[in-house]
2 protein chains.
Amino acid sequence: MMEHVRCAKCISCGREWEAKPDITTCPDCGGLLDIQYDYDTIARAVNRETMARRPERSMWRYLEYLPVRGMGSRPRLRVGWSPFYEAERLAKVLGLRKLYIKDDGINPTASLKDRASAMAVVKAEEAGAEIIACSSTGNAASSLAGNAAAAGFPTYIFVPSRAPKGKVSQLMIFGAHVISVQGSYEETFRLSQEAIERYGWYNRNAAINPYLMEGKKTVALEIAEQLDWQMTDYVALSVGDGCTIAGVWKGFCDLYATGMIDRLPRLISVQAEGCCPLNRAIATGEPWQPMEENTLADSIAVGVPRNADKALRAIRDSHGVVVNVSDEEILAAARLLGRTAGVFGEPAGVAGTAGVKKALELGLIPPDASVVSIVTGNGLKDTPNAIRAAGEPVTIRPDLDELLAVMERL
Amino acid sequence: MMEHVRCAKCISCGREWEAKPDITTCPDCGGLLDIQYDYDTIARAVNRETMARRPERSMWRYLEYLPVRGMGSRPRLRVGWSPFYEAERLAKVLGLRKLYIKDDGINPTASLKDRASAMAVVKAEEAGAEIIACSSTGNAASSLAGNAAAAGFPTYIFVPSRAPKGKVSQLMIFGAHVISVQGSYEETFRLSQEAIERYGWYNRNAAINPYLMEGKKTVALEIAEQLDWQMTDYVALSVGDGCTIAGVWKGFCDLYATGMIDRLPRLISVQAEGCCPLNRAIATGEPWQPMEENTLADSIAVGVPRNADKALRAIRDSHGVVVNVSDEEILAAARLLGRTAGVFGEPAGVAGTAGVKKALELGLIPPDASVVSIVTGNGLKDTPNAIRAAGEPVTIRPDLDELLAVMERL
């Protein structure tokens, strides 16, 4: 039925499986699966010119690159085709030749995860599922809740109890059955897996479900097209579970394999100093080890990354750069993006930009480089940290003299 | 220079003025000004077919209908062309034949006000201004802060101290100089006007600045095009200052005058029961009187609407329907939109939908009507009220037995 999709291939044992819509991990060895395409079929179907003429402005613009038969028959939110800005003033502040911001906080539930969840909803429909479930630090959850609500799927969603109020309020509004777990993300994840097995729900857990990465890769497809297919030297983003960076790399590789772009960018993998198991593995050359989840950037506070193997492979294959940022650097990046570019990202959303700044300072990337920095989530999802980053306003009585006194001080 | 713009005409004394970029109210009588177009010029420049071929997907798609020479030379956020959904399940729940949702919370700073602020920034540049200022219950402020930050304009912004944290955090992140005023919106507004006069800042106060409405009207232009120019019977939205409903009406009238649509919709003006000075004026036929600002929907808690005259004219000219909703009805609408359509609106954002429900219940609109409901702001702007609407999640320890017990109860 899908001649452009070859199979689901295990990244551990190499065995190839039919890409069924509800396939999760390798039935043989439990390894993660990777959806494989027939690139010749895709290359015959699309090129830069045909793409330019397409009216669709969403992630589904790139149907030939996606492991679906179509967009499904259910109503859906408009996910993707998020804004792409050249950030000249920010580049100047950082001392960088070219900087672009991909603002993926401008999505229906305000994060990049909408791309994965929209994909999950379509695959759940293909699988004939009735209920979708996942665990998440927050964004995967709220995106699943929203996209599933639009499509009429009930959801069960497991969140660690530390998830910010903004994200939890989204889940509740979207009518998800929310289980708040008093434990780490790892414990939350395990509980969700047990429940999914027991009840037979469609599994939208990142890494476990190989299709989610295919949804996430659409951010890379859009970046390439928004750059008019002229890739930058680097693409920077924050990394938690590893699923997004693996998806982004997959997107660029798919485009490269089908002749849409002429060169691949190097990835800049940004993690928090207090939780950087993947970057540490790259830096030391050792296997990754679990870490504490010690950062205010909740979306990347993942001590046991579920998609470690694919993420590490993506960073290495791209000759990537790894850089860890402190919470203070993250908050500073939030201010910087807001003030110079008018872009408001959540802590994990702006961590990529914090990493660009730090990579420049450390000489890991040259000042004459061109960089895309992906903002993965909207700042409105975590206003307490925004206030922490930017401070409180001056408060006065409605009186001109009081105002004049304040103006003197400013 | 702008042959499609005729003048700025006073809606009180009728005098016509040159549409200078920094014009505010009528120099003669202080009345509000209305930008007037030469519709023949516009109709010669565009039609449905030429519009369909345009690649631009933002409010600037409709340049011929806008009082600008161009989009300005400064960087800008991508405002407008927000998602438009047919909400079949919600229509069924309400017992309505056709319902569409225009989700204007999907904008760079997450509200419809981005349209006005993007316009203000372009006009400020045309006027050669250096600083932009406004007062706002929140969304106008955050949109000005964000759009001005992208363009490199400093801003002074006056907010009543009751503005939700989410909105204030946006201002601070965008680097605005924020003055939080311990008083009503009316007092905040007055103080801003005094300061603007004293310092000569560019004035982005709604109503006072006639161009803002022209930015807001782009939501109507998009709705019409997203309906393939086949207008619905009604368009519903919440009303505070009156500027948005006046802009929406202006947009439809401009399209009608230039032959792009064949009929005008009737407006459904939705206000809060605790603050409905405009709807009360329509219902009683009396002049409007100030009211208390007694609603949790902060964006429409406007006891002294600045754009009353234009708003009342718009409602009357459209043979509009007025309906007031309680805070409980607003919170119920937030749940309903989230659960059935995957759309998360702030209280004022969903009030329009609450009004559609109530208008149906009261028999003010027939069940076989077609309606567009505009969601004017994103729910992430006010998460405390979202939690109030939707409740808190179930909290358990990471333990399957505890989960099973919860599942029994659900």
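Criteria and cut-off values
Within any chain, residue numbers begin from 1 and follow the written order of that chain's sequence. Here the convention is simple: chains get letters from A, ligands get numbers from 1, in the order in which they are written. The model is predicted, so local features are restricted to residues of pLDDT at least 70 and side-chain atom pairs to those at 80 or more, both for listing and for counting; the totals for chains, interfaces and linings are taken over all residues. Heavy atoms from the whole structure form the basis of all side-chain values; hydrogens and water molecules are not counted. Only the stretch in contact is used when fitting a helix axis, every axis being a line fitted to C-alpha atoms; angles between N-to-C directions are given from 0 to 180 degrees. Note on conventions: DSSP H or I runs of at least 4 residues are helices, E runs of at least 2 residues are strands, and numbering of each starts at the N terminus. Here roughly perpendicular refers to angles of 65 to 115 degrees, roughly parallel to angles under 35, roughly antiparallel to angles over 145, and oblique to all remaining angles. The hand of a helix crossing depends on one turn: near helix anticlockwise from the far one by less than a right angle means left-handed, and clockwise means right-handed. Throughout, a residue-residue contact means that at least one pair of heavy atoms, one from each residue, lies within 4.5 Å. Each residue gets one label: Ala, Val, Leu, Ile, Met, Phe, Trp, Tyr, Cys and Pro are nonpolar, Asp, Glu, Lys and Arg are charged, and the others, such as Gly, are polar. Pairs were defined over the aromatic rings of Phe, Tyr and Trp, the Trp ring being its six-membered one, requiring ring centres within 6.5 Å. Orientation was assigned from the angle between planes: stacked under 30 degrees, edge-to-face over 60, tilted for the rest. Under the scheme applied here, a residue whose accessible area is under 20% of the maximum for its type counts as buried, over 50% as exposed, and between as partly exposed, the area being computed with a 1.4 Å probe on protein chains only. Pairing between strands requires that DSSP locate at least two bridges from one strand to the other. Looking down the strands as they point away from you, a crossover is right-handed if its path from the first strand over the helix to the second goes clockwise.

Regarding the packing of helix 7 (residues 185-199) of chain A against helix 16 (residues 400-409) of chain B
Between helix 7 of chain A and helix 16 of chain B, whose axes approach to 10 Å, the crossing angle comes to 55°. In terms of orientation, helix 7 of chain A lies oblique with respect to helix 16 of chain B. The handedness of the crossing between helix 7 of chain A and helix 16 of chain B is right-handed. Seen from helix 7 of chain A, the contacting residues are Leu191, Glu194, Ala195, Arg198 and Tyr199 of chain A; seen from helix 16 of chain B, they are Leu400, Leu403, Leu404 and Met407 of chain B. Split by residue class, the contact of helix 7 of chain A with helix 16 of chain B holds 7 nonpolar, no polar and 2 charged.

A few points about the packing of aromatic side chains
All told, the structure shown has 10 aromatic pairs over all chains when counted by the stated rule. Relative to Tyr100 of chain A, the ring of Phe84 of chain A has its centre 5.3 Å away and its plane inclined at 10°; by these criteria the two rings are stacked. On the criterion of sequence distance, the pair formed by Phe84 of chain A in strand 4 (residues 84-86) and Tyr100 of chain A in strand 5 (residues 98-103) is long-range, its members being 16 residues apart. Summarising the burial analysis for this pair, Phe84 of chain A and Tyr100 of chain A share the class buried. When the ring of Tyr185 of chain B is compared with that of Phe189 of chain B, the centres are 6.4 Å apart and the planes differ by 55°; the resulting orientation is tilted. In this pair, Tyr185 of chain B and Phe189 of chain B both sit in helix 7 (residues 185-199), 4 residues apart, roughly one turn of the helix. We note that Tyr185 of chain B, like Phe189 of chain B, is buried. Pairwise contacts between aromatic rings join Tyr156, Tyr199 and Trp201 of chain A into one cluster.

Quick notes on the pairing of strand 8 (residues 177-181) of chain A
Within a regular strand, side chains alternate between the sheet's two faces. With 4 of 5 residues buried, strand 8 of chain A lies mostly within the body of the structure. As judged from the 5 bridges shared by strand 7 (residues 155-160) of chain A and strand 8 of chain A, these two strands associate in the parallel manner. Bridging across to strand 8 of chain A, Val159 of chain A finds its partner in Ser180 of chain A. The β-α-β motif built from strand 7 of chain A, the intervening helix 6 (residues 165-173) of chain A and the parallel element strand 8 of chain A has right-handed crossover chirality. Across 3 bridges, strand 8 of chain A lies against strand 14 (residues 394-396) of chain B in parallel orientation. Each residue of the ladder has a partner; that of Ile179 of chain A, found in strand 14 of chain B, is Val394 of chain B.

Examining the environment of Lys9 of chain A
Residues and elements named next belong to chain A. By the secondary structure assignment, Lys9 is in strand 1 (residues 5-10). Among the residues examined, Lys9 registers a relative accessible area of 29% and is labelled partly exposed. Considered as a pair, Lys9 and Ile35 are 26 residues apart in the sequence and their alpha carbons are 6.3 Å apart. Contact partners of Lys9, with chain neighbours within four places excluded, come to Gly14, Arg15, Glu16, Leu32, Leu33, Asp34 and Gln36.

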